[in-house]
Amino acid sequence: AREWVFEIKKRLEDVFAKSNVYSVLHGFYQEIAVFGTAAFLVEEDAQKGIRCRPFTIGEYCLGTDAAGRVDRFGREFFMTAEQMKNTFGSENLPPAVRRECDDNRSQRWHKIIHLIWPNPSADPAKQDHTHMPYTSVYLTDNGHLLRQSGYREFPVIAARWEVKNASDTYGRGPGWKCLGDVKMLQKMQKTKL
């Protein structure tokens, strides 16, 4: 058992060392200490094993289940037409974005919505993405589906410093305790200037 645990530990450390997890964790701990909530997405990466995508407060929203565990995630972000083509494939783009790529106007920004939630029709016996425990969709802001896929486990690491009650989705951190003082100092500096 000791050899097995050592081997698993070594493999995890190798994956972490190749990925960007340590640099993401640095920002993650800063966010949780100030805002009380922090989140990042862990995805598979062909070259590095995993790739972590950090988020800052206000860039995402979370949802919880009846037990207070985070099991829903949503965010809005922007991609150029060229990035959309490389990420989702030309055949999945809306006609207007496809024309932008064809007309060499591929640097225009477009709003993308990414949502992850528990899949009510999950079936462990089936291996396709529509029956995985978590559904993931990418949409344009006008509702055009760019990609629908799934995850075997919730891919978002979302931590909360302190949760007052089970119905709270977001946590409170030490930064909340000094918020009044910070606002007062900013007002004093503004008055002095």
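Overview of the structure. All values reported here derive from a predicted model rather than from experimental measurement.

Taken together, the side chains of Trp4, Val5, Ile8 and Leu12 present a nonpolar region at the surface, about 400 Å² in accessible area. As for its position among the elements, Ile8 is in helix H1 (residues 2-18). The exposure class of Ile8 is partly exposed, given its relative accessible area of 30%.

Tracing the backbone through its elements, the reader meets Pro124 in the loop between strand S5 (109-118) and strand S6 (134-140). The spatial distance from the C-alpha of Pro124 to the C-alpha of Arg152 is 9.0 Å, given a sequence separation of 28 residues.

This part takes up the sheet that holds S6. The sheet built from 5 strands is open, its strands ordered S3-S4-S5-S6-S7 with antiparallel pairing. One side of each edge strand has no neighbouring strand; the edge strands of this open sheet are strand S3 (60-64) and strand S7 (145-151). For this sheet the average axis-to-axis angle between neighbouring strands, irrespective of direction, equals 15°. Looking at chain direction, strand S4 (residues 70-80) and S5 are connected through 8 bridges and run antiparallel. When the sheet's bridge partners are listed, Arg75 is paired in S5 with His114. Against the sheet, helix H3 (residues 81-88) engages S4, S5, S6 and S7, with an angle of about 130° to S4.

Tallied over the full model, the rule gives 11 salt bridges. Residues Arg51 and Asp45 are paired through a salt bridge, measuring 3.4 Å at the closest nitrogen-oxygen approach. Since its relative accessible area comes to 30%, Arg51 is described here as partly exposed. Residue classification places Asp45 among the buried positions, given a relative accessible area of 18%. Put simply, Arg108 and Glu100 hold a salt bridge, and the shortest N to O gap is 2.7 Å. Classification of Arg108 as partly exposed rests on a relative accessible area of 47%. Assessed through its relative accessible area of 5%, Glu100 is described here as buried. In this structure, a network of salt bridges that share partners links the residues Glu43, Asp45, Arg51 and Arg53.

Cut-offs used in this document
- Per-chain numbering applies: the sequence of each chain, read as written, is numbered from 1 onward.
- Local features are withheld for residues below a pLDDT of 70 in this predicted model, meaning they are given only at 70 or higher, and side-chain atom pairs are given and counted only at 80 or more; totals for whole chains, interfaces and linings count all residues.
- In computing side-chain values, all of the structure's heavy atoms are included and hydrogens and water are not.
- For patches, a residue must show more than 30% relative accessible area and have no salt bridge; joins then use 9 Å for like charges and 5 Å for nonpolar side chains, namely Val, Leu, Ile, Met, Phe, Trp and Tyr.
- Accessible surface is estimated by sampling points in the Shrake-Rupley manner with a 1.4 Å probe; for residues, cover comes only from the protein chains shown.
- What makes a salt bridge here is a side-chain nitrogen of Lys or Arg within 4 Å of a carboxyl oxygen of Asp or Glu, nothing more.
- Helix numbers and strand numbers start at the N terminus; a helix is a DSSP run of H or I with at least 4 residues, a strand a run of E with at least 2.
- For the exposure calls, accessible area comes from a 1.4 Å probe over protein chains only, and a residue counts as buried if that area is under 20% of its type's maximum, exposed if over 50%, partly exposed in between.
- Any two strands with at least two DSSP bridges between them are considered paired.
- Note on geometry: axes are C-alpha line fits, over the in-contact stretch for helices, and angles between N-to-C directions span 0 to 180 degrees.
- Any two residues having at least one pair of non-hydrogen atoms within 4.5 Å are treated as being in contact.

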